[in-house]
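# What the coordinates show
The residues making up each chain are set out below.
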4 protein chains.
Amino acid sequence: MSTRVGVLGATGAVGQRLIQLLVPHPEFEIAALTASESSAGRTYRDAAKWRVDTPIPDDIADLTVVGTDPEDVPDDVELLFSSLPSDVGAAVEPEFVEAGYVVSSNSSNGRMDEDIPLTIPEVNADHLGLLEVQRDERGWDGALIKNPNCSTITMVPTLAALDQFGLERVDVSTLQAVSGAGYSGVTSMEIIDNVIPHIGGEATKMETESRKLLGSFDGAEVTLHDADVSASCNRVPTLDGHLENVWADLEADPSIEAVAEAFESYPGVDLHSSPDRLIEVFEEPDRPQPRLDRMLGDGMAVSAGGIEATTHGVQFNCLAHNTMRGAAGASVLNGELLLEEGYL
Amino acid sequence: MSTRVGVLGATGAVGQRLIQLLVPHPEFEIAALTASESSAGRTYRDAAKWRVDTPIPDDIADLTVVGTDPEDVPDDVELLFSSLPSDVGAAVEPEFVEAGYVVSSNSSNGRMDEDIPLTIPEVNADHLGLLEVQRDERGWDGALIKNPNCSTITMVPTLAALDQFGLERVDVSTLQAVSGAGYSGVTSMEIIDNVIPHIGGEATKMETESRKLLGSFDGAEVTLHDADVSASCNRVPTLDGHLENVWADLEADPSIEAVAEAFESYPGVDLHSSPDRLIEVFEEPDRPQPRLDRMLGDGMAVSAGGIEATTHGVQFNCLAHNTMRGAAGASVLNGELLLEEGYL
Amino acid sequence: MSTRVGVLGATGAVGQRLIQLLVPHPEFEIAALTASESSAGRTYRDAAKWRVDTPIPDDIADLTVVGTDPEDVPDDVELLFSSLPSDVGAAVEPEFVEAGYVVSSNSSNGRMDEDIPLTIPEVNADHLGLLEVQRDERGWDGALIKNPNCSTITMVPTLAALDQFGLERVDVSTLQAVSGAGYSGVTSMEIIDNVIPHIGGEATKMETESRKLLGSFDGAEVTLHDADVSASCNRVPTLDGHLENVWADLEADPSIEAVAEAFESYPGVDLHSSPDRLIEVFEEPDRPQPRLDRMLGDGMAVSAGGIEATTHGVQFNCLAHNTMRGAAGASVLNGELLLEEGYL
Amino acid sequence: MSTRVGVLGATGAVGQRLIQLLVPHPEFEIAALTASESSAGRTYRDAAKWRVDTPIPDDIADLTVVGTDPEDVPDDVELLFSSLPSDVGAAVEPEFVEAGYVVSSNSSNGRMDEDIPLTIPEVNADHLGLLEVQRDERGWDGALIKNPNCSTITMVPTLAALDQFGLERVDVSTLQAVSGAGYSGVTSMEIIDNVIPHIGGEATKMETESRKLLGSFDGAEVTLHDADVSASCNRVPTLDGHLENVWADLEADPSIEAVAEAFESYPGVDLHSSPDRLIEVFEEPDRPQPRLDRMLGDGMAVSAGGIEATTHGVQFNCLAHNTMRGAAGASVLNGELLLEEGYL
């Protein structure tokens, strides 16, 4: 039987992607869509300007949007996916959890809080244990879990695969798609024939979130990984797919083949949205490319290529679809993990 | 009185830029345009498909193109600018120099040869002394000087400015414009909504040429700088202007202000094409941007921004116009240096 | 049982699309791939630079490419899809037909020849009767059938639907995707931040082919439709999907609703690649758009929108995927028609 | 001595272009910059996010922005350039004129009002006579003059040149740059790899404004030209420069040469911002192109090409820079006309 789920902030770009992923989902059934007060009471068709490349399903289109308030969401909804703006998320996500809901959130608020699990199921599913700490400390009935930022998710699986060689330092340069800023986040005047070498707050997210994801959980707290991570983030004129140039300094001195093998053999998880192979490796030096490779594994795989040895370790490129693996798909995958692990 | 100059490979993209720069030049006068045998004998208007954004001057358009052969170039031409394909350059540049011509070349052949000066006048004009070694060893009457690759030129002035703090390591990620590949080098199908994370041979050029440019010349040979340079090169959908993300590890621990001051106070040279200030520094974190800033200093300035401290040194972005400062303008500037230093 | 088919010119952009469509096709089975002499003898994987967005199937990749010569193609191949350059097509297509093959060709040669059917199955399947004339006149055993140019196909279904109102004149402006020029046909330097208001030969193709497609066949010859068609063709920076602004002068004065109804009710055909509804009509004035709507009907539907009355008739926009409905898919659909009508 | 001028709505995209044109202007001197109340009292540097490709002049940057209110503008300012949003323009432009100011406005409000001159100086300077009617009817001390919409301006000079052959009907398809929608008017998600076949209100503007511009003024009123004009407007991924495909039906049957001659010989006016030749004609069929040709005549020329005969008249393409000739430059040129004709 399907788990009844809701989407907090359902009209935005990530909200629409969430609906696109949840409609055909075998385990989840959409039972509530929330938005700001100005949209509450309208049909979803009317409240959202649907821009996803598959048509909006009729039964979803006819749902009445409710306010983003625990009292407006039916009690039999067990799991909420949140793609609220971070300031709104910071205000209302705790209210939902206090009211007993389990929330899988893509919003950036609270990601580094000590008692909030920040998880990529294939990388650090064990951090879910933090939920016990969370319930103890906050007295919450529900649970709040976060997925990391899109640019962080793209890189971390590859770093996790390399950590067996002793990850010491990461310099990473990103070439990020415009969809990462939301539908109206980057104007055409800004980006045609241009590149913007700065994305507010993005470098810091990559530098801190990656160390939490790669950190160790001892049952009580997460100790950040001690690698030194430095990011430089660029917006480029692509629609979807973040490409990243990574320099990883390693204690050991693995061959290129060993690095490729570490990527390709990195274990996946047995969850619906997780691809058969988490990290695809290209031998062609000019791959992966955003337009050609972003939909690998239905948009949930990470791809890597251009692996070269450096004096200090290895250099390579990685890519993931920023609104699938990097946002909506990440939240759905965390929801599947919560279901699998019995948190619902 | 003007120096009579010629352009080897005058019909290509860099050849056209060279003509655009040389026509209004106060010190040079175009007296010969060469191209492949199939173009020889035709007017330049007819032989070249002019694509530069200023109209082709009538007197240039009416010049008869000659073959790329020393016998076809008038004897009173003293200086030749070469933008030949590297395999052609490797074959014919030595013939011209043997015949007594001074050649300022943008072609990539021979840049790392021990007796060929690879120069950016503001950075290592003293390497011109290698021409004595060159004449001695090769028995040439003329002289052959090279400018570096466009992506190298963009970065090296900033590294030269930082070397006072003890440059130890450089990781650099480039976002390069399509014009760097020539007029037909990148197809629209390859680059619309896409990024290509590899440019053949480019990373190696950056890694080797930068160490030669920053190296020391003792009157007999150039000792490469011992910094460890690792480059990752990407093609992005911009027309002109290479943007680069640089991590520079330094022995000393300068403040951001000291780094900005080192950039801004880096000395220029008193040559016609050199800008008043070589390195412009932006305080806005999202600058420089290719479309907005590539024409600073008439396309001959380098700009920098986004300076941030790292655990090991400093991170920043730099930008230069790849076909001006990075190619045609670089060759012209080297020609001005040769004239100034009495090599003509 | 599947019909064994081959692809003439299998390594090019349209050839690759043909393979992409034929591999999962329920009626056809690929048995021969031809290319130029330089590719003959190599595996397809090796001979083609595969650029389609689905992976190349292994069994296709391992096929040995043969020369584009009737003697090199196995005798049990019944149907050949041709995407040869038009000059090559003009030379070799007749050789294949003379040798008994049935050829469904996307190449532009011969499209206006009086005894060669130029067909869109949903529009003028009856023109297939010309094959009798063709066999009589040329003494061929096989048959040669053409599909029209991509920009023609996009518009003609809508004109066919309007002809019930007495089509008198058409002014059409096209905004064509770069893929229409082949993989390397438009350079990035030409099209970034730009539009090219001319495509060699394209306007003439639209003006003549559309009148043949809309013409009447009396069993002996096709009489061209007498509408006056004038086209203006532009290349724009889109990857796939030709959008066209059409002014259609009509004898009658139908309402906008009647025009929309004529589009939506235009009958389809019962062939595998033909969509359930040939012409989709949008009510939103800003649709169809290339990126959002080109894949309607698996890339085989035409869409229309922005219908408005003019003093002389009607103005509207239409869109189709230029390499699917407009090229490879058009040839496959014609092949299905030939099979259905018993020509194989 | 310079005329003191002001800019109403100085912080927007057109306002910035106006400042860029007015700063070096030999006849005008900027003495007032107005914006919304939230910007009033701040320096211009602070109130405007300067995005024009030339640096903001220091003395302009230090000006204090005032509210868009006649009481806030110094009395010695004689001429105001308005680039207000049309609803704001409709409300406040009359207040300024009532207070005695002469206003040259780019805002779309009131363009079709019977007593408001809508002028392109090279086309219908005589319509300025409407100002007498305006003063009589409204009792205004000042004067209000409008320039047409950017897409209208691009086409009308060519139509004016053709009217000697009896202009009867115009079908026009536009390919418009994103800057026409203002800095944030088109998002990158909307336009990368895409075209939008609709611009709200734009077609109607072209259809009505062009008939007023080409209309005749008898000293009392303007009679609209009776040509039938139908426009279809598309947004394409270019930064600046509107390209238009025009079908002009003509009573006479001029040769292509006669049409080209009519374009090239169309008389200019002796005003500072008017180019030496108003309409440049290209013989190359693929010109004009937006990126290559938008800056002809310092952005104030119109260019034409691709002239072909049709059954009913002629087909051709035309191009103009939409924020120069099509907006800010148009207003400045009208200001120059007002000065020349003694209205200041």
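Residues numbered from 1 in each chain as written. Chains lettered and ligands numbered in written order. Predicted model: local features only at pLDDT ≥ 70, side-chain atom pairs only at ≥ 80, totals over all residues. Heavy atoms only, no water.

### Looking at the overall build of chain A
A count of helical and extended segments in chain A gives 12 helices and 14 strands. Taken against the 2.2 N^0.38 rule, which gives 20 Å for 344 residues, the C-alpha radius of gyration of chain A at 19 Å falls within 12% of a compact globule. Seen through its principal axes, chain A has C-alpha atoms that stretch 60 × 50 × 35 Å. Within the span of chain A, comprising 344 residues, buried residues form 62% of the whole. Counting only contacts in chain A whose residues sit at least 6 apart along the sequence, the fraction spanning at least 24 positions is 75%. (Helix = DSSP H or I, 4+ residues; strand = E, 2+ residues; numbered from the N terminus. Rg over C-alpha atoms; globule rule 2.2 N^0.38 Å. Buried < 20%, exposed > 50% of the residue type's maximum accessible area, 1.4 Å probe, protein only. Contact = heavy atoms within 4.5 Å.)

### A few points about the relation of the copies chain A and chain B
When chain A is fitted to chain B, the best match, at an RMSD of 0.0 Å, comes from turning it 180° and sliding it 0.0 Å along the axis. These values place the two chain copies in the arrangement generated by a two-fold rotation axis. (Least-squares fit on C-alpha atoms with pLDDT ≥ 70 in both.)

### Regarding the sheet that holds strand β13 (residues 302–309) of chain D
All names here are of chain D. If you trace the 6 strands from one edge of the open sheet to the other, you get β10-β7-β11-β14-β13-β12, paired in mixed fashion. Looking at the sheet topology across the chains shown, the edges are occupied by β10 (228–235) and β12 (279–281). On average, each strand axis in the sheet is inclined to that of its neighbour by 25°, with strand direction left out of account. Direction of pairing for β13 relative to strand β14 (residues 313–320): antiparallel, over a ladder of 5 bridges. By the bridge assignment for β14, Ala 304 is matched with Cys 318. With respect to the sheet, helix α7 (residues 150–162) is in contact with β7 (167–176), β11 (242–250), β12, β13 and β14, its orientation differing from that of β11 by roughly 35°. In the packing of helix α9 (residues 202–213) onto the sheet, contacts are made with β7, β10 and β11, and the angle to β10 comes to roughly 145°. (Pairing = 2+ DSSP bridges. Axes fitted to C-alpha atoms, helices over the stretch in contact; angles between N-to-C directions.)

### Some remarks on the UniProt feature "active site" (unreviewed entry) in chain A
Residues and elements named next belong to chain A. As recorded in UniProt, the sites labelled "active site" (unreviewed entry) are Cys 150 and His 242. With the annotated positions falling across 93 residues, the maximum pairwise C-alpha distance of 8.0 Å places them together in a single cluster. Tracing the sequence through the fold places Cys 150 in helix α7 (residues 150–162). Following the sequence through the fold, His 242 ends up in strand β11 (residues 242–250). Ignoring anything within four residues of it in the chain, the contact list for His 242 reads Cys 150, Ser 151, Thr 154, Leu 175, Gln 176, Ala 177, Gly 180, Arg 235, Cys 318, Leu 319, Ala 320 and Asn 322. (UniProt positions renumbered as here; feature names shortened; annotations may be inferred.)

### Side note on the relation of the copies chain D and chain B
With an RMSD of 0.0 Å, the fit of chain D onto chain B corresponds to turning through 180° and sliding 0.0 Å along the axis. The overlap is high: 100% of the interface residues of chain D also sit at the interface in chain B, so the same surface is used on both sides.

### Quick notes on the packing of helix α1 (residues 13–22) of chain A against helix α12 (residues 324–340) of chain A
In helix packing, the relevant descriptors are the interaxial angle and the interaxial distance, both defined with respect to the helix axes. All names here are of chain A. Packing of α1 against α12 brings their axes to within 9 Å, and their N-to-C directions diverge by 55°. By the angle between their axes, α1 is oblique relative to α12. Considering how the two elements wind past one another, α1 and α12 form a crossing that is right-handed. Across the interface between the two elements, Val 14, Arg 17, Leu 18, Leu 21 and Leu 22 from α1 touch Met 324, Ala 327, Ala 328, Gly 329, Ser 331 and Val 332 from α12. Considering only residue class, the contact of α1 with α12 consists of 8 nonpolar, 2 polar and 1 charged. (Parallel < 35°, antiparallel > 145°, perpendicular 65-115°, else oblique. Left-handed = near helix turned anticlockwise from the far one by under 90°. Nonpolar A, V, L, I, M, F, W, Y, C, P; charged D, E, K, R; others polar.)

### Some details on the pairing of β13(D)
Residue and element names in this part refer to chain D. Of all 8 residues that make up β13, 6 are buried, and the element is covered over most of its length. Bridge count between β12 and β13: 3 bridges; the pairing is parallel. Each residue of the ladder has a partner; that of Glu 280, found in β13, is Ser 303.

### Concerning the UniProt feature "domain: Semialdehyde dehydrogenase NAD-binding" (unreviewed entry) in chain A
The UniProt feature table records "domain: Semialdehyde dehydrogenase NAD-binding" (unreviewed entry) at residues 4–131 of chain A. With 29% helix and 18% strand, residues 4–131 of chain A has its two end C-alpha atoms placed 21 Å apart.

### Observations regarding the pattern of salt bridges
Evaluated as defined, the whole model comprises 62 salt bridges over all chains. For the salt bridge of D:Arg294 with C:Asp193, the shortest nitrogen-to-oxygen distance reads 2.9 Å. With D:Arg294 in the loop between α11 (290–293) and β13 and C:Asp193 in the loop between α8 (188–191) and α9 (202–213), this pair bridges two chains. Here D:Arg294 matches C:Asp193 in class, with each residue buried. (Salt bridge = Lys/Arg side-chain N within 4 Å of Asp/Glu carboxyl O.)

### Structural notes on the interface of chain D and chain B
Counting residues at the interface gives 4 residues for chain D and 4 residues for chain B. Summed over both partners, the interface of chain D with chain B buries about 540 Å², with 59% contributed by carbon and sulfur atoms. Along the contact surface separating chain D from chain B lie 0 salt bridges. Counted by class, the side of chain D that touches chain B contains 2 nonpolar, no polar and 2 charged residues. (Buried area = accessible area lost by both parts, 1.4 Å probe.)

### Side note on the environment of B:Leu84
All names here are of chain B. As for its position among the elements, Leu 84 is in the loop between β4 (79–82) and α4 (86–98). With 74 residues separating them along the chain, Leu 84 and Ala 10 place their C-alpha atoms 8.3 Å apart. Leave out the neighbours within four places in its chain, and Leu 84 touches Leu 8, Gly 9, Thr 68, Gly 89, Val 92, Glu 93 and Ser 107.

### Notes on the packing of α7(D) against α9(D)
All names here are of chain D. Relative orientation of the contacting elements α7 and α9 amounts to 45°, with a least axis distance of 9 Å. Considering their axes alone, α7 and α9 lie oblique with respect to each other. Classified by chirality, the crossing of α9 by α7 is right-handed. Residue-level inspection shows Cys 150, Ser 151, Thr 152, Met 155 and Val 156 of α7 in contact with α9, the latter providing Glu 202, Lys 205, Met 206, Glu 209, Ser 210 and Leu 213.

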